[in-house]
There are 2 protein chains.
Amino acid sequence: MTKRIVIIGGVAAGTKAAARARRRDPYAEITLVERGDLISYSGCAMPYYISHDIEAAEELTVTRLDEFTLLRNINVLIGTEAVSIDREAKTVLVRRLSDGETQVLPYDNLVLTTGGSPVVPPIEGRDLAGVFRLKEPADALRIRTEVDAGRAQRAVIVGGGLIGMEMAEALTANGVKVAVVEMLDRVLAPFLDPEMAALVHAHLREKGVDLHLSERAERFEGDAEGHVRRVVTSSHVLEADLVLLAIGVRANAALARAAGLQLGPTGGIVVDDHLRTSDPAIYAGGDCVENTNLVTGQPLYGASGSTANKHGRVIGTNVTGGDEVFPGVLGTMVAKVFDLNIGSTGVTEARARELGLETITALVPGMDRAHNYPTRQEIVLKMVVERGTSRLLGLQGVGPGEVAKRIDVAATALNFHATVDQVANLDLGYAPPYAPAVDPIHHAANIIRNKRDGLTTGIGPSRLQQMIDEGEPFLLLDVRSREEFAERRIAAGGRLLHIPQEELRSRIAELPRNVPIVAYCARGIRAYRAQRTLRGLGLEDVAFLEGSLLGWAGKTESGENSD
Amino acid sequence: MTKRIVIIGGVAAGTKAAARARRRDPYAEITLVERGDLISYSGCAMPYYISHDIEAAEELTVTRLDEFTLLRNINVLIGTEAVSIDREAKTVLVRRLSDGETQVLPYDNLVLTTGGSPVVPPIEGRDLAGVFRLKEPADALRIRTEVDAGRAQRAVIVGGGLIGMEMAEALTANGVKVAVVEMLDRVLAPFLDPEMAALVHAHLREKGVDLHLSERAERFEGDAEGHVRRVVTSSHVLEADLVLLAIGVRANAALARAAGLQLGPTGGIVVDDHLRTSDPAIYAGGDCVENTNLVTGQPLYGASGSTANKHGRVIGTNVTGGDEVFPGVLGTMVAKVFDLNIGSTGVTEARARELGLETITALVPGMDRAHNYPTRQEIVLKMVVERGTSRLLGLQGVGPGEVAKRIDVAATALNFHATVDQVANLDLGYAPPYAPAVDPIHHAANIIRNKRDGLTTGIGPSRLQQMIDEGEPFLLLDVRSREEFAERRIAAGGRLLHIPQEELRSRIAELPRNVPIVAYCARGIRAYRAQRTLRGLGLEDVAFLEGSLLGWAGKTESGENSD
């Protein structure tokens, strides 16, 4: 008997599931129902359309509707919404939006790929003209029209997540003065620990973005024409003629909920490893489902066009008699924010702490290519490893240099539950145009191994801040050159001493033996060596400041050299 | 008692072993013996010094001698060679090259990091002036001096390996007319299968390199002053005023051999997983040892600064009472050759065949970034998987786009014995500036899964060539546009038919049902779809040409459209 497959939602997961099912079963009756007028578009590319990196709106489309239906013989109903599911009768009621005409579609397997939507918080003034969200190409077109017409001089982006960051760049690049309001103490909080986010904050400010952290947008105020003019936050009033709500994305699960399908704690539809919902005749994938984090085993919600494509293939296989498993996700993220490449996979130190995992971390600035290769650029990696098991938990990267490759290596290693020792010996590609002989990811793994094995003691910037704030007795030792010291140094009052690294041996007598010493330099490398030298000279209680000045977001001072 | 550690060879592995041993044991007596005048230089950077990408010779040095000795308290004897090892007495006899003075160094542990040397074949004329090899910075300096002085108008590089390729670019970039003579049928043969190497050949020729494959250099002829002027090969006489011997690298194992240590089939010193030689008091690492290939379990010799650094750390740990294992290598390679990024890890299809492994492969052209992102560039990946186990065996990549990342992902996956199904679902970083939603590596894995599961049939260019040559009955179907067809098409005589992809359904009657059909297009994507369409229309015996015209190194023709 001919199998009837009905798919609700035609962006990434839905079209992929349809195409895959058709490939495996030339005779199945496949119906794809899409609420909008477009199928198979690239949501992730919308910021690049607004920035004019991508000029034509048609380029947002991955597969054209006519190609899709012609080549694959799939019945596509656009402009049509699914109203309700009768699980008993195995039918879906759908309604054409243009004329309200309804139709009942019987199915053997139903596939829910209803996607996700930007969260719209219940903020006063959210319906004013000029308040946008970025869900689909029509939104991108509206925003670009505002910007191109010069009607958006000042924009406020509510939310410092991925879309917020990409849009901060896209709008700034087109002459819009941008403010970002983020409730938490940092941008990209699920992906970056505070010291890594601090690097992004500094860069955003350098690029002219007015960054408001730990601040909540409380209401939007408009003019007489009902157009937004101001954003009132918990501590500022920001002028705005364009507001973008980019607080996050939530699964479109209303249809599933109404049908009594199980939803998870994140609000996404619960699926098993075959992407079957709690009703075995119904599959779900893409941004409407909750995934399992392969590192933590916990539910994870995160919209991703890449995951949606994988889901689509697995579902297309399973609804046509195949047997394919989707293993789970790692929460991998890469993003370009102005001149920074940013990435993260697995769990951050902050998240590990929430989960009660004890960690060893390394914050490592390094070069993405050989030290002598002309196009080398800096990247800062933070690696997080579980204490005891030495299992890799996550990697974060920020910098103008190549970050995405290191993130992908870590994601692959995480998939196989790699230990830090295995990461340290991975046979990665080495040539000066691509990597140093000791890749930053190897270097990070080695520092963690040295910390684990008691060969080095590194402290993070937040620990140093605490030592300064709480007046703990210690000596902060700056081992940079006189010029560097005079230009800018960590403000630690009388507890700061400056001895250039190469003078350490001859000036050892100046160092106290009764208080802990924390060495720092520009990026951590000289401090790391200084620690080794001092230990070799019998000073045991020496730590180095990981990331050193580069990762330091606290107070600094400048002026004449005091040593 | 103070431990005495003697290290022979001070480039990458040796200096790393010394530094690591010092870090773990502040009291050990560490002596480093180096034949040359430099320690810790980057051999891999020499072509970039010759090309002037790296301007100053000092930049080739990784750690300066004075820094190295001062910071680490290591006794360094430069300009000193190791003459012999007395394993019974645990001593090494060393001799200072400047005055011949000898010294006997007692050791508790001896470390051999004697490196590798370019193979110099017994070719007549190899001692003529102007015949070079590239072993150490002094060689690079001599070659650069010749080039900069305009004395090298025409160069012949003997050997199409990594150094040969990098030097072809470096010399061409400085105005030298370059010919490459390679004995085998392709460049980079250990790393690339023929159809992947064909992409490199086309690019080299485009860049003006005179490429002589399957040709042997038989003698070098000089002028009256004893300067090289011609290279006589098995089929040509090539003019040359500079010759570079770049046939390969061999382990410097004479000292070890004379001491009775075990050498392996590749000529490298045999070490166990702790990098101990057949004498448990003697360790060895870097380019003088033979590694184990993690995929095949076979011995593998390959010089690598990255492996040398890892070896050094493992040895430094183990000679100071630690217990660290080096797992093995994958033969990972990345190289920039003109505008191409080239990489390989694991084993090629050709190598798998030698090992008697049955494979499924995929040759996949694709974009390195999203299809609509402006800086996207093409890459071609070839994935090799073991039939039966579905285990990943290797990945190769060539193209102007980002290749190194995909190679590193595959190297990481190989380290954990990943299956192709695991590779297909890796949660890699996705955003338009870094990758398409379905990464080329995912796409390659999916094509292999489709081939394995009988959902698609791809043939490689060598199989198609065989079908043409042997007059097998088949139809070659070009599914590109009329313009593309007229411009250039595969020469297959009367067996070629042209039907653009979008006309396939309406012109199905023109296709024969009694002979196999092979569809091709520009890169394989339309041909892959055409296969799907034709199968959907009941034509079962259809294959597509993997890589299509892009991977086709055979005959082509052009002219008016015949359909």
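One structure accompanies this document, and this report is about it.

Conventions adopted
Residues numbered from 1 in each chain as written. Chains lettered and ligands numbered in written order. Predicted model: local features only at pLDDT ≥ 70, side-chain atom pairs only at ≥ 80, totals over all residues. Heavy atoms only, no water. Salt bridge = Lys/Arg side-chain N within 4 Å of Asp/Glu carboxyl O. Buried < 20%, exposed > 50% of the residue type's maximum accessible area, 1.4 Å probe, protein only. Contact = heavy atoms within 4.5 Å. Buried area = accessible area lost by both parts, 1.4 Å probe. Polar contact = N/O pair within 3.5 Å; in protein donor to acceptor, adjacent residues only side chain to side chain. Helix = DSSP H or I, 4+ residues; strand = E, 2+ residues; numbered from the N terminus. Nonpolar A, V, L, I, M, F, W, Y, C, P; charged D, E, K, R; others polar. Phe/Tyr/Trp six-rings, centres within 6.5 Å; stacked < 30°, edge-to-face > 60°. Lys NZ or Arg CZ within 6 Å of the ring centre and 35° of its normal. Right-handed = clockwise from strand over helix to strand, strands pointing away. Pairing = 2+ DSSP bridges. Axes fitted to C-alpha atoms, helices over the stretch in contact; angles between N-to-C directions. 1 Å grid on protein atoms, 1.4 Å probe; cavity = no way out; pocket = protein on both sides within 12 Å on 5 of 7 lines; lining within 4 Å. Points joined across faces, edges and corners; volume = space filled by probe spheres on them. Expected span 1.5 Å × (residues − 1). Least-squares fit on C-alpha atoms with pLDDT ≥ 70 in both. Core = buried A, V, L, I, M, F, W, Y, C linked by side-chain atoms within 4.5 Å.

**Observations concerning the pattern of salt bridges**
Opposite charge on two side chains allows them to pair when their charged atoms are near. This model, assessed by the stated rule, comprises 86 salt bridges over all chains. Measuring nitrogen to oxygen at the nearest pair gives 3.0 Å for the salt bridge that ties Arg 151 of chain A to Glu 146 of chain A. Taking relative accessible area as the criterion, Glu 146 of chain A reaches 14% and is therefore assigned buried. Linked by salt bridges that have partners in common, Arg 313 and Glu 324 of chain A together with Asp 421, Arg 449, Arg 452 and Asp 453 of chain B make up one network.

**Quick word on the interface of chain A and chain B**
Note on interface size: it is often stated as the accessible area lost on association of the parts. Facing the 77 residues of chain A at the interface are 77 residues of chain B. Around 7,000 Å² of area is buried between chain A and chain B when both sides are counted, 54% of it from carbon and sulfur atoms. At the boundary of chain A and chain B, one finds 4 salt bridges. Between Arg 449 of chain B and Glu 324 of chain A there is a salt bridge, and its shortest N-O distance comes to 2.8 Å. At the boundary of chain A with chain B, the tally comes to 34 residue pairs in polar contact (both at pLDDT 80 or more). Looking at which element gives the most residues to the side of chain A that touches chain B, the answer is helix α10 (residues 404-415) of chain A, with 8 residues. A class-by-class count of the residues in the side of chain A that touches chain B yields 37 nonpolar, 21 polar and 19 charged.

**Structural notes on the packing of aromatic side chains**
Taken as a whole, this structure holds 5 aromatic pairs over all chains when the rule is applied. Here the aromatic rings of Tyr 528 of chain A and Phe 544 of chain A are separated by 5.1 Å at their centres, their planes lie at 75°, and the arrangement is edge-to-face. Placement of Tyr 528 of chain A in helix α15 (residues 525-536) and of Phe 544 of chain A in strand β31 (residues 542-545) is noted, with a sequence separation of 16 residues between them. For Tyr 528 of chain A, a relative accessible area of 10% puts it in the buried group. With relative accessibility at 2%, the residue Phe 544 of chain A sits in the buried group. Its end group placed over the ring of Tyr 49 of chain B, Arg 144 of chain B keeps NZ or CZ at 3.8 Å from the ring centre.

**Regarding unusual backbone geometry**
In this structure, His 417 of chain A takes a positive phi of about 55° despite not being glycine. Following the sequence through the fold, His 417 of chain A ends up in the loop between α10 and α11 (420-424). Phi is positive for Ser 390 of chain B, which is not a glycine, with a value near 60°. The exposure class assigned to Ser 390 of chain B is buried, which follows from its relative accessible area of 10%.

**Section: the pairing of strand β1 (residues 4-8) of chain A**
The element β1 of chain A is largely enclosed, with a buried count of 4 among its 5 residues. Once the chain exits β1 of chain A it traverses helix α1 (residues 12-24) of chain A before rejoining the sheet at strand β2 (residues 29-33) of chain A, and the crossover so formed is right-handed.

**What about the sheet that holds strand β7 (residues 109-112) of chain B?**
Residues and elements named next belong to chain B. Here 5 strands make up an open sheet; going across it, the order is β3-β2-β1-β7-β18 and the pairing parallel. Looking at the sheet topology across the chains shown, the edges are occupied by β3 (75-77) and β18 (282-284). Direction aside, the axes of adjacent strands within the sheet are offset by 15° on average.

**Observations concerning the environment of Val 228 of chain A**
Residue and element names in this part refer to chain A. Here Val 228 shows up in strand β14 (residues 228-233). Its relative accessible area of 0% is what places Val 228 among the buried residues. Measuring from C-alpha to C-alpha, the distance between Val 228 and Leu 242 comes to 6.8 Å, with 14 residues separating the pair along the chain. In this structure Val 228 touches Leu 128, Ala 129, Gly 130, Val 131, Phe 220, Glu 221, Gly 222, Ala 240, Asp 241, Leu 242 and Val 243, once residues within four positions along its chain are discounted.

**Quick notes on the side chain of Thr 317 of chain B**
Looking at the secondary structure, you find Thr 317 of chain B in helix α8 (residues 305-318). Other than its neighbours up to four places away in sequence, Thr 317 of chain B contacts Arg 20, Arg 24, Gly 322, Asp 323 and Glu 324 of chain B.

**Considerations on the sheet that holds strand β4 (residues 80-86) of chain A**
Residues and elements named next belong to chain A. Strand order across the open sheet formed by 3 strands is β4-β5-β6, with antiparallel pairing between neighbours. Because the sheet does not close on itself, it has two edges, and the strands there are β4 and β6 (102-106). On average, adjacent strands in this sheet sit at an angle of 25° to one another, irrespective of strand direction. Two elements, β4 and strand β5 (residues 91-96), share 6 bridges in a ladder whose sense is antiparallel. What sits directly across from Thr 80, in β5, is Arg 96.

**Side note on empty space enclosed by the protein**
Counted by the stated rule, this structure contains 8 cavities of 30 Å³ or more. Taken as a whole, the largest cavity encloses approximately 100 Å³ of empty space. Residue lining of the largest cavity: 14 residues in total, with Asn 309, Lys 310 and Arg 313 of chain A together with Ala 424 and Asn 446 of chain B positioned closest to the centre. Broken down by element, the residue count for the lining of the largest cavity peaks at 5 residues, all from helix α8 (residues 305-318) of chain A.

**A closer look at helix α4 (residues 137-148) of chain A**
Taking 1.5 Å as the rise per residue, α4 of chain A with 12 residues should run 16 Å; its terminal C-alpha atoms sit 16 Å apart, in good agreement. Buried residues of α4 of chain A: Pro 137, Asp 139, Ala 140, Ile 143, Arg 144, Glu 146 and Val 147 of chain A, and no others.

**Overview of the relation of the copies chain A and chain B**
Superposing chain A onto chain B takes a rotation of 180° plus a shift of 0.0 Å along the axis, which leaves an RMSD of 0.1 Å. The transformation relating the two chain copies, once decomposed into turn and shift, fits a two-fold axis. Of the residues that chain A buries at the interface, 100% are likewise interface residues in chain B, meaning the two copies contact each other through the same surface.

**Observations regarding the nonpolar core**
Judged by nonpolar contacts, the single largest core of 112 residues is most densely connected at Met 383 and Leu 511 of chain A together with Met 383 and Leu 511 of chain B. Excluding residues within four positions of it along the chain, Met 383 of chain A makes contact with Ile 360, Thr 361, Ala 362, Leu 392, Gly 394, Leu 395, Val 420, Val 423, Ile 441, Ala 444, Ala 445 and Ile 448 of chain A.

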